[in-house]
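Observations on the model geometry
Take a look at the letters that make up each chain.
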Amino acid sequence: MRVAFVSLFTPHHGETPARTRTRRFARLLADRGHRVTWLCAQWWGGDHDAFEEEGITYRRVTREPAPARFAATLPAALRRASPELVHAVNSPPGGAVAAELAGRLLRVPVLVDWWDDRPTDAASRYRLAARGADAVLTPARTVRTRVWEHGAGDDAVTVVPESVDYDAIRDAPVDDRFDLIYSRRLDRHANVETFLLGLAELRGRDWNAAVIGDGPERAAAERTASDLRIDDRVTFLGDLPAAERIPLFRGAHVVAWTATRETFASDLLCALACGCVGLVEYQAGSSAHELVEGRERSSLVTSPAELAAEIADASSLDHRTVDETYAEYDHDAVLETVLKRYRTLLNEES
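Everything numeric in this text was worked out from a predicted model, so none of it was measured.

Looking only at helices and strands, one finds 12 helices and 16 strands in the protein chain. The C-alpha atoms of the protein chain give a radius of gyration of 22 Å, which matches the 20 Å a tight globule of 350 residues would have. Buried residues in the protein chain amount to 54% of all 350 residues. Intrachain contacts of the protein chain at a sequence separation of at least 6 include 68% that bridge at least 24 residues. A total of about 15400 Å² of accessible surface is found on the protein chain, and carbon and sulfur atoms cover 46% of it. Between the centroid of the 43 positive side chains of the protein chain and the centroid of its 55 negative side chains there is a distance of 7 Å.

What follows is the structure, encoded as structure tokens:
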């Protein structure tokens, strides 16, 4: 299958969850033998208009990441690429809208992978992108609802979650230094204070906790731990690569998630796949609750006191280093969902 990915930015311009997701899809498709072209702004050096890496052919649409010029030049680039299917991203929305217009002319289906709405993007362009796509993928039900509100048809939107590498989890060692884990970027949405307040209510119990992640709110979180007099039992580890996070997840018993805003809680998913008991504070702006609803080893909470109570109750559950009930989130399983949507679109277009 010839698939053209349309995204002005790539992870080479800077890592974001949305760009990482797009690269994962592109790489997994290339690994399966599909011909993958990524139409983007140039990120490589030199004057050549294409660059190949990990089976993906990156083709320059513009030299600089200029959204308006990218949208204007994209139809001609798509015609030259001659794909069977276009896989675009929702932001900047001008690229998705241009891809949809070109798709109609070329009689090629256009799927839009919708990660999140950005406040700097025009809502009117989002409405055009949502209504003009042949299909839309979203990482969570909360995002799906937003896309429906933009005007996408009910049947056009499919939830395709983020995924984990189960082989890497099964092969990783176990680092059991910590009983409790919080893992997320420590920004203004992190709300790590709820986690720390819950721990403070359990001072009389024997536990050790780790906070994985860095960001502008780390110093404030460390001060909170000190003020609560639990800083001797909470270790702030900073950013860690997956190869170091996974052993800690496998060794821990509980993972807590309290962020107020989250498109998809990727670290939570990884910890759950590693066997952790998941405790999630429900937040209207977060999709994290979707990962634990209806799961026997996980619970939703609404306050630090409830979090503390659930941590105490979790001690009665067995410790696991992998949880196969989350195998539906394995990379290959999630890619199959994407491929199924591709095939449906191609059959509809043929």
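Now that the structure has been shown, the text picks up again.
The next point concerns the sheet that holds strand β7 (residues 135-138). The sheet built from eight strands is open, its strands ordered β3-β4-β2-β1-β5-β6-β7-β8 with mixed pairing. The open sheet has two free edges, formed respectively by β3 (50-53) and β8 (157-159), since each of these has just one partner strand. Looking at each pair of strands side by side, their axes are set apart by 25° on average, direction ignored. Of the pairings in the sheet, the one linking strand β6 (residues 110-113) to β7 comprises three bridges and is parallel in character.

With that settled, consider the nonpolar core. Formed by 33 residues in total, the largest nonpolar core has its most connected members in Val-164, Ile-181, Leu-268, Leu-291 and Tyr-326. When residues of this core are traced back to their parent elements, those giving at least two are α6 (166-171), β10 (209-212), α9 (242-251), β12 (254-257) and α10 (266-273). If one sorts the elements of this core by residue count, α10 sits on top with six residues.

This part covers the pairing of strand β4 (residues 56-62). When you tally the buried positions in β4, you get five out of seven residues, the bulk of the element. Note: β3 against β4, four bridges, orientation antiparallel. Across the sheet, Glu-53 pairs through a bridge with Ile-56, a residue of β4. Taking the residues between adjacent antiparallel strands as the criterion, β3 and β4 are bridged by two residues, where Glu-54 takes a positive phi near 50°.

By the element assignment, Arg-233 lies in the loop between α8 (218-227) and β11 (234-238). In this structure Arg-233 is buried but unpaired, with Asp-206 as the nearest side chain of opposite charge at 5.0 Å. At a separation of 2.9 Å, a polar atom in the side chain of Arg-233 contacts the main-chain carbonyl oxygen of Arg-203. Separated by 2.3 Å, the side chain of Arg-233 and the backbone oxygen of Arg-205 make a polar contact. In contact with Arg-233, not counting residues within four places along its chain, are Leu-202, Arg-203, Arg-205, Asp-206, Trp-207, Asn-208 and Ala-209.

Take the environment of Phe-70 next. Inspection of the secondary structure assignment puts Phe-70 in helix α2 (residues 67-81). C-alpha of Phe-70 to C-alpha of Asp-232: the two residues are 162 residues apart in sequence and 52 Å apart in space. Setting aside residues no more than four positions away along its own chain, Phe-70 makes contact with Val-6, Ser-7, Leu-8, Leu-39, Cys-40, Ala-41, Val-61, Thr-62 and Gly-95.

Take the pattern of salt bridges next. Pairing between side chains of opposite charge can happen when the charged atoms of each approach one another. Considering all chains together, one arrives at 24 salt bridges under this definition. Residue Arg-32 pairs with Asp-332 through a salt bridge whose shortest N-O separation is 3.9 Å. Remark: Asp-332 occurs in helix α12 (residues 331-349) and Arg-32 occurs in the loop between α1 (17-31) and β2 (35-41); sequence separation between them is 300 residues. Taking the relative accessible area as the measure of exposure, Arg-32 reaches 35% and is therefore partly exposed. A relative accessible area of 42% means that Asp-332 is categorised as partly exposed. Of the charged contacts, one joins Asp-267 and Arg-245 as a salt bridge, the two residues approaching to 3.6 Å between their closest N and O atoms. A residue pair is termed long-range when its members are at least 10 positions apart, and Asp-267 in helix α10 and Arg-245 in helix α9 qualify at 22 residues.

Once that is clear, we can look at the packing of aromatic side chains. Two aromatic rings, taken as a pair, are described by how far apart their centres are and by the angle between their planes. According to the stated counting rule, one finds 10 aromatic pairs in the structure shown. Each residue in the set Phe-5, Trp-38, Trp-43, Trp-44, Phe-51 and Tyr-58 is aromatic and connected to the rest through ring pairs, giving one cluster. Between Arg-295 and the ring centre of Tyr-326, over which it is positioned, the NZ or CZ distance is 3.9 Å.

A negative phi angle is the norm for most residues apart from glycine, just as the trans form is the norm for most peptide bonds. In this chain, Ser-91 is followed by Pro-92 through a cis amide linkage whose omega measures -5°. Take Pro-92: it is sitting in the loop between β5 (85-89) and α3 (93-106). A positive phi angle, near 50°, is found at Ser-82, a position not held by glycine. Residue placement: Ser-82 occurs in the loop between α2 and β5. Among the residues examined, Ser-82 registers a relative accessible area of 40% and is labelled partly exposed. Look at Asn-191: it is not a glycine, yet its phi comes out positive at around 55°. Note on placement: Asn-191 falls in the loop between β9 (180-183) and α7 (192-200). On the basis of relative accessibility, which here comes to 18%, the residue Asn-191 falls in the buried class.

Rules of the game
- Residues numbered from 1 in each chain as written.
- Predicted model: local features only at pLDDT ≥ 70, side-chain atom pairs only at ≥ 80, totals over all residues.
- Heavy atoms only, no water.
- Helix = DSSP H or I, 4+ residues; strand = E, 2+ residues; numbered from the N terminus.
- Rg over C-alpha atoms; globule rule 2.2 N^0.38 Å.
- Buried < 20%, exposed > 50% of the residue type's maximum accessible area, 1.4 Å probe, protein only.
- Contact = heavy atoms within 4.5 Å.
- Areas by Shrake-Rupley, 256 points an atom, 1.4 Å probe, with all protein chains shown as cover.
- Lys, Arg positive; Asp, Glu negative; His and termini not counted.
- Charge placed at Lys NZ, Arg CZ, Asp CG, Glu CD.
- Pairing = 2+ DSSP bridges.
- Axes fitted to C-alpha atoms, helices over the stretch in contact; angles between N-to-C directions.
- Core = buried A, V, L, I, M, F, W, Y, C linked by side-chain atoms within 4.5 Å.
- Salt bridge = Lys/Arg side-chain N within 4 Å of Asp/Glu carboxyl O.
- Polar contact = N/O pair within 3.5 Å; in protein donor to acceptor, adjacent residues only side chain to side chain.
- Phe/Tyr/Trp six-rings, centres within 6.5 Å; stacked < 30°, edge-to-face > 60°.
- Lys NZ or Arg CZ within 6 Å of the ring centre and 35° of its normal.

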